[in-house]
Amino acid sequence: MTQVVLGKTGITVNKNGFGALPIQRIAQADAVRLVRKAFEQGITFFDTARSYTDSEEKLGVALQGIRDEVFIATKTPATTAAGFWQDLETSLGLLQTDHIDIYQFHNPAFCPKPGDGSGLYEAMLEAKAQGKVRFIGITNHRLAVAHEAIELGLYDTLQFPFSYLTTDKELELVHACAKQQMGFIAMKGLAGGLINNSAAAYAYLAQFEHVLPIWGVQRENELDEFLSYIDAPPVLNDALQAVIDKDRQQLIGSFCRGCGYCMPCPVGIEINSCARMSLMIRRAPQAAQLTEKAQAMMQKIEDCLHCGQCKAKCPYGLDTPQLLADNYRDYREILAGKAL
């Protein structure tokens with residue numbers, strides 16, 4: 001079993017972490033069954049967030065009776081101390097626990113620190129002093145915020161998108177965390193669904209001993225793939241490297257990661273789905289992208305105001321309105337019979 005030690009926290013878990021965002025989309029009974037199966041077969045790190053609707057509640061039910069045998073990470077999007085405490089108490093109640101192992105600031109626009117006027121970091125320290133939080137983490141999609149969090153030395157863990165499609169800039173973060181003995185939690189290891197070879201994704205991330213990937217799990221067959229890697233972890237051989245090289249050639253660059261931080265759109269465009277349709281329709285089951293619902297979703301792009309809000313909010317600096325226009329043009333050509 002390949003294990004990861006999360007920096008100075010000493011938290012030691014299997015290389016597979018359970019990303020609990022997707023379980024908000026399934027029934028509670030199904031979510032509980034998935035989480036328990038993951039635990040019974042060796043996964044002990046579970047990541048969720050206050051923002052993931054009922055994910056915390058489902059996780060709390062699933063982990064009844066085994067709380068002391070697992071590690072829970074959750075997040076607060078709060079921008080004030082009052083909001084922080086409200087989120088923390090809500091999360092503790094829903095997760096049915098008296099403490100959070102890693103409590104993370106959820107993609108803040110700035111790096112919370114003592115004396116910044118927000119009171120957020122001071123609240124986190126108080127929560128830790130009260131025993132409600134064991135370790136302090138931060139998640140982000142902004143390189144500048146992530147670098148500051150590493151350099152300040154105030155955080156135990158950083159959660160950031162990391163896959164074989166990310167650039168040297170993200171790789172710098174990974175190495176910087178290792179140097180500072182800071183735990184690195186890799187989200188979007190499958191690049192939001194664009195990577196469709198989980199063995200290649202796992203093998204790439206396995207090169208980094210201190211990196212803990214969290215895989216978003218919604219279906220049992222998805223879970224089974226990663227569980228199979230516990231006893232037989234994929235090795236980065238020539239065949240898997242060829243997969244990675246091909247995907248990098250096709251995908252690295254101006255592609256939408258589907259993070260959703262451009263949302264909401266003033267006219268209701270599902271930007272984080274529409275701006276990546278050209279890739280999804282070629283890399284995921286095609287039928288799901290051609291339904292009447294999907295067509296109506298894409299047609300909504302015609303209502304774009306070109307207000308620029310999505311572009312301004314994109315943490316990757318993408319020209320989102322142009323991506324929407326390009327994807328819609330491609331989609332219409334596909335509907336008209338253009339070969340994929």
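Use the structure listed above.
Notes on the structure follow. (Residues numbered from 1 in each chain as written. Predicted model: local features only at pLDDT ≥ 70, side-chain atom pairs only at ≥ 80, totals over all residues. Heavy atoms only, no water.)

## Remarks on helix H9 (residues 238-251)
With 14 residues, H9 ought to run about 20 Å at 1.5 Å a step, and its terminal C-alpha atoms sit 20 Å apart, in line with that. Regarding H9, the residues found buried are Leu 240, Ile 244, Asp 247 and Leu 251. Mapping the buried residues of H9 onto a view down its axis gives an arc of 65 degrees, with all of them on the same face. Seen from the buried face of H9, the exposed residues on the opposite side, beyond 90 degrees, are Asp 238, Ala 239, Lys 246 and Gln 249. Between the side-chain oxygen at the start of H9 and the backbone nitrogen of Ala 239 there is a gap of 3.3 Å, and the oxygen is on Asn 237. (Helix = DSSP H or I, 4+ residues; strand = E, 2+ residues; numbered from the N terminus. Expected span 1.5 Å × (residues − 1). Buried < 20%, exposed > 50% of the residue type's maximum accessible area, 1.4 Å probe, protein only. Arc of directions from axis to C-beta. Polar contact = N/O pair within 3.5 Å; in protein donor to acceptor, adjacent residues only side chain to side chain.)

## Thoughts on the pattern of salt bridges
The tally for this structure, following the rule as stated, stands at 16 salt bridges. A salt bridge links Arg 329 to Asp 326, with the shortest nitrogen-to-oxygen separation between them at 3.2 Å. With a gap of three residues between them, Arg 329 and Asp 326 both fall in helix H14 (residues 320-335), about one helical turn apart. If you follow the salt bridges from partner to partner, you end up with Asp 30, Arg 33, Lys 37, Glu 220 and Asp 224 in one network. (Salt bridge = Lys/Arg side-chain N within 4 Å of Asp/Glu carboxyl O.)

## Points about helix H5 (residues 143-152)
Here H5 has its buried residues at Val 145, Ala 146, Ala 149 and Ile 150. Along H5, the residues classed as buried sweep out an arc of 135 degrees about the axis, all on the same side. Of the exposed residues in H5, the ones pointing more than 90 degrees away from its buried face are Ala 144 and Glu 151. Buried residues along H5 sit against strand E7 (133-139), strand E8 (157-161) and helix H6 (168-179). Looking one or two places after H5, you find Gly 153, whose phi comes out positive at around 75 degrees. (Contact = heavy atoms within 4.5 Å.)

## Re the environment of Phe 84
Here Phe 84 lies in helix H3 (residues 81-95). Between the C-alpha atoms of Phe 84 and Ala 127, which are 43 residues apart in sequence, the distance is 9.7 Å.

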